[in-house]
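The chain contents come next:
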Amino acid sequence: MKRPWYSFLYVRSPLVKIGLGIAAVMLSIAVLLFLGVIEDRRMAAQTANWDGRAIEKGAEIYTNNCYTCHGPDGKGLPGVAPALHSKYFFTQRLKDVGWTGSLHDYIASTVAAGRPSKVKSQWAQMMPTWSQRFGGPLRDDQINNVTAFVLNWEKDALLQGTPDNPDPWQPFDDAPSKAVAEDGSAPVAETPVESTGPRSPQELFAGANGMGCSGCHNLDLPQTADSRGPVGPNMANLYETAGTRVPGEDAATYIHNSIVAPNAYVSEGYMAGIMPQNFAERMTEEEINALVQWLLDPNRQR
Amino acid sequence: MAVQPELEKKGFAQTVLDAADDVFTRITAGIPAGEVRRMLRGEAPGRPNPRLKPHSEAFLLHIKPTYYHESVTRFTHTFRLGLLSTYLFFVETITGLILMIWYAPTPERAYTDMIRLLSNVPFGQLMRDLHRLGAELMVLIVTAHMVRTYLTGSYKAPRQFTWFTGVILLVVTLFLSFSGYLLPWDQLAFWAVTIGTSMAEAVPPKVVGETVNLLARGAPDIGANGLMRFYLLHVLFLPLVLFLFFFVHYYKVVHFGISLPSDEEEIGQDTANKVPADRRVYFLPDVMIDEATFLIGFTALMVVITAFFFSAPLESIANPQSTPLHTVAPWYFYWLQGLLKIADKTIAGVILPGVLLVLLIAIPYLDRNPSRRGRDRRVAIISGVVAGIVMIILSWMGTPYYAVQGAPPVEIVQELMPEEGMGPVREIGYAHLPIGKYDTRENPVTEDEEFNHILHEFEASIAAFEEKDPSFNQAYGVLSVTQEQPSLKRITWEIFWISPEGVQDKFVRTFFLHENSLYWEQYGLKDFSFVRPPAQE
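Quick caveat: nothing in here was measured; it's all calculated off a predicted structure.

Conventions and cut-offs
- Residues numbered from 1 in each chain as written.
- Chains lettered and ligands numbered in written order.
- Predicted model: local features only at pLDDT ≥ 70, side-chain atom pairs only at ≥ 80, totals over all residues.
- Heavy atoms only, no water.
- Helix = DSSP H or I, 4+ residues; strand = E, 2+ residues; numbered from the N terminus.
- Buried < 20%, exposed > 50% of the residue type's maximum accessible area, 1.4 Å probe, protein only.
- Areas by Shrake-Rupley, 256 points an atom, 1.4 Å probe, with all protein chains shown as cover.
- Lys, Arg positive; Asp, Glu negative; His and termini not counted.
- Charge placed at Lys NZ, Arg CZ, Asp CG, Glu CD.
- Pairing = 2+ DSSP bridges.
- Axes fitted to C-alpha atoms, helices over the stretch in contact; angles between N-to-C directions.
- 1 Å grid on protein atoms, 1.4 Å probe; cavity = no way out; pocket = protein on both sides within 12 Å on 5 of 7 lines; lining within 4 Å.
- Points joined across faces, edges and corners; volume = space filled by probe spheres on them.
- Expected span 1.5 Å × (residues − 1).
- Arc of directions from axis to C-beta.
- Contact = heavy atoms within 4.5 Å.
- Salt bridge = Lys/Arg side-chain N within 4 Å of Asp/Glu carboxyl O.
- Polar contact = N/O pair within 3.5 Å; in protein donor to acceptor, adjacent residues only side chain to side chain.
- Nonpolar A, V, L, I, M, F, W, Y, C, P; charged D, E, K, R; others polar.
- Phe/Tyr/Trp six-rings, centres within 6.5 Å; stacked < 30°, edge-to-face > 60°.
- Lys NZ or Arg CZ within 6 Å of the ring centre and 35° of its normal.
- Core = buried A, V, L, I, M, F, W, Y, C linked by side-chain atoms within 4.5 Å.

Novice: I tried to follow the overall build of chain B on my own but got confused; where do I start?
Specialist: Secondary structure summary: chain B contains 20 helices and six strands in total. Each of the three principal axes of chain B carries a C-alpha extent, and together these read 105 × 65 × 45 Å. Every one of the 537 residues in chain B was classed for burial, and the buried ones make up 48%. Of the accessible surface of chain B, which amounts to about 27500 Å², a share of 65% is contributed by carbon and sulfur atoms. Here chain B contributes 44 positively and 55 negatively charged side chains, and the mean placements of these two sets differ by 12 Å.

Below you can see the structure in the form of structure tokens.
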């Protein structure tokens, strides 16, 4: 019979075949042993990988949903929403509210179920319910991701209060802080920043030591029927509309009154009591007037 | 029974040896130790052949033929593809059973179970990669088996029915692979299966299509019910169908014998079962040693490939609200995706594949040519090759390179940092992304060579699209890398261009990258950098 030209490749001897089989088994065992030796490190790397990816996903969710109130760096906006990227939050908050679970659980359940009460709260807005279980947009895995993202501030937040990182101690008002300093005395209250003359309107509106207006009021979008601010009215066209709101009040008076007595006139479609009512105490008259002028300036500088 | 007289007759040592040989013969189902030694030495069996006994004694061997024709045992006649397909089904069953231990088919758990399997189960990743590689190889090898059968004309009488069961097995293999695709519950799985089942919806008439779709998905959209159904299809129903058809198929193979090389018999004859005594190759020991060595060698190859060159993908968790850019089917369905791009869903997704299947089954009845010799079958072989080339072209059309290009800025960013998967930026990783703002108009150069390469690609990609697309003018890009958190970088891609109306337009896409994140490609050398973690400062 004809043999093909490549027939020399055929392995015919059974002993050679068995030898090849044994060699293949040894090779497999060698590879598996190698994998077994590095398996612990592989699992550790995979664990770190998926934790890292959860933080990445959480960062996306935070950027899309949370940063308007809690600030782009998580340090909160005064009067709007608390700082999460703070030493107080990571070290004292659970003790103050008497939470016995972990910080992860506290954050995850707050994100999921919101903060339905405003009792003794210094924040303008209530934390909404974010979980799909309670009518929000986020799935459970997304809540875990955003929690992982918030927890990832821990390393940085614990360094606060050192000379390199002078962020202040930022307790919330809703639970009296039980924090005790190392010598047994009550903690040093948040020292108000020494005022060095009147603060600029820009700083008041959006700055770190400002009033946190930018958390609810958008300066870039106009307030129209199609473009309503979700919490407070948008302000791009404020100079046109301010004078038309309350009969008998010109634009400057209307804005001034809206700042010092927000509930005196509430724009249609918004709730009374959202906007903090203590701005008259927190700003000087001079600062309020400058802020009013700045808000009414059509070419306002940021 | 009578131990005493036997001892007296044979002596103690001989009695023990005989008893041991007896036990050995029971284990080997009829072959004494001396015969095994003669087998290994390559000595001829005595007559009557004592090596035939296991074929009648042992269940697993009774379905194997006792001897083969020498010509069909040549490797290049069958390439052992049928054996390999069967073996891969066995591998898939074993690895699949192991994977089932850590898996629950619910949307709440499926994806986290995958992560747990990868990060908390010793050899979990190996098992998953083996299962996935085995599935892809099985599709490949079953197809190759069919192509071999076609080219040697082995489907001709009397083997028409064997061919039919083979086509069924091919279809079941494809469905098995596809139903397993959904189980990790990631974006890749979810959208590939959403597209796949939406083809069922196109079955005419409308009421049938909708019912089939509803039955497959368990709801208008894939959710908990759909996952459960695909799971049951994957682990129970389809394996059982495959099991049944495998035995029918194999019985027919043994019954008719493996067809001889076509030039060894007269045209129109089938002498596969009339093997002359001098051409017989007995299963024991020759074929068994050959097959065992082949399968062991193949297993070693699979282990090496899985350990070093193949990683099953796992994307983000399934999100019904967002379709990732460039969703693709598994590669063995690229041809179908290609068809769907050029024709209507009903025609390309249902009627054409249906016609193709019927044609495949009908081949033995359409081909009336009695000869199995290549030179007599020019029409059949050329049409087979043409069909193969058409499949390859259609498959190419199924990839994102054909006809689904998005807007230039979207494609530019997708090329460098895709929504899912690795891409060049994630490949160089966190450590090679220096903080800063890089404007392509200034030809920025950093100290990091790998990052410079990315910047260069960004620039080149923008320039290439500018040339190609008339609505994309005077474009430039700005890439900013900022530190979002300790160990987390924000990567913002901004692309500016002048639209044909002369208006400046802008595209922004933001990604985050964590220090510890590992991204990987499905094929290619695995990343073993974790073996030596970077020194901590």
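From this point, the discussion proceeds with the structure in view.
Novice: Is there a simple way to explain the sheet that holds strand β5 (residues 488–498) of chain B in this structure?
Specialist: Whenever strands of a sheet pair, they do so through backbone hydrogen bonds, lying parallel or antiparallel. All names here are of chain B. Reading across the sheet, the four strands line up as β3-β4-β5-β6 and stay open at both edges, with antiparallel pairing between neighbours. Edge positions in the sheet fall to β3 (436–439) and β6 (504–514), since each has one partner strand and no second. Along the sheet, successive strands turn relative to each other by an average axial angle of 15 degrees, direction set aside. Sheet topology note: the strand β4 (residues 473–485)/β5 ladder contains 10 bridges and is antiparallel. Residue pairing for β5: Val 478 is matched across the bridge by Glu 494.

Novice: Would you mind going over empty space enclosed by the protein with me for this structure?
Specialist: Unoccupied space between atoms shows up once a probe the size of one water molecule is rolled over them. Residue and element names in this part refer to chain A. Counted under the stated rule, the structure contains one cavity of 30 Å³ or more. If you add up the space inside the largest cavity, you get close to 640 Å³. Forming the boundary of the largest cavity are 38 residues, of which His 217, Pro 233, Met 235, Ser 258 and Met 275 lie nearest the centre. When residues of the lining of the largest cavity are traced back to their parent elements, those giving at least two are α8 (238–241), α9 (251–260) and α11 (285–296). With four residues, the single largest contributor to the lining of the largest cavity is α9.

Novice: What should I look at first to understand helix α12 (residues 206–217) of chain B in this one?
Specialist: One turn of an α-helix holds 3.6 residues; hence residues three or four places apart share an orientation. All names here are of chain B. Under the 1.5 Å per step criterion, the end-to-end length of α12 is 16 Å for 12 residues, consistent within 8% with the ideal 16 Å. Listed as buried for α12 are Gly 209, Asn 213 and Arg 217. End-on view of α12: buried residues confined to an arc of 50 degrees, all on one side of the axis. Of the residues in α12, the exposed ones pointing more than 90 degrees away from the buried face are Val 207 and Leu 215. Looking at the buried positions of α12, the neighbouring elements they touch are α11 (187–201) and α13 (224–256). Immediately downstream of α12, the backbone of Gly 218 shows phi near 75 degrees, a positive value.

Novice: In this structure, what is going on with the interface of chain B and chain A? I would like to understand it.
Specialist: Interfaces are often described in size by the accessible area the parts lose on coming together. Contacts between chain B and chain A engage 53 residues on the former and 47 residues on the latter. Counting across the interface, chain B meets chain A through one salt bridge. One salt bridge in this structure joins Lys17(A) and Asp290(B), with 2.8 Å as the shortest N-O distance. At the surface where chain B touches chain A, the tally comes to 17 residue pairs in polar contact (both at pLDDT 80 or more). The set of elements that each furnish at least two residues to the side of chain B that touches chain A consists of α6 (75–78), α8 (110–120), α9 (124–151), α14 (283–308), β4, β5 and β6 of chain B. The dominant element in the side of chain B that touches chain A, judged by the number of residues it contributes, is α14(B), at 11 residues. Counted by class, the side of chain B that touches chain A contains 29 nonpolar, 15 polar and nine charged residues.

Novice: Please explain the packing of aromatic side chains as it appears in this structure.
Specialist: The geometry of an aromatic ring pair is captured by two quantities: the separation of the ring centres and the angle between the planes. Taken as a whole, this structure holds 40 aromatic pairs over all chains when the rule is applied. Here Phe246(B) and Tyr250(B) contribute two aromatic rings whose centre-to-centre distance is 5.9 Å and whose plane-to-plane angle is 15 degrees, an arrangement assigned as stacked. Of this pair, Phe246(B) and Tyr250(B) both sit in helix α13, separated by four residues, roughly a single helical turn. No difference in accessibility class separates Phe246(B) from Tyr250(B), as the two residues are buried. Taking the ring centre of Trp50(A) as reference, the NZ or CZ of Arg53(A) above it sits at 4.4 Å.

Novice: Help me out: how do you make sense of the nonpolar core in this one?
Specialist: Burial of nonpolar side chains together is a common tendency in soluble globular proteins. Residues and elements named next belong to chain B. Within the largest apolar cluster, 37 residues are counted, with the highest numbers of intra-cluster contacts made by Trp 185, Leu 314 and Phe 333. For this core, the elements supplying multiple residues, two or more each, are α8, α10 (160–182), α11, α13, α15 (334–342) and α17 (378–398). For Phe 333, the residues in contact, after removing those within four places along its chain, are Leu 174 and Phe 178. Within the second largest apolar cluster, 34 residues are counted, among which are Met 127, Leu 238, Phe 310 and Ala 380.

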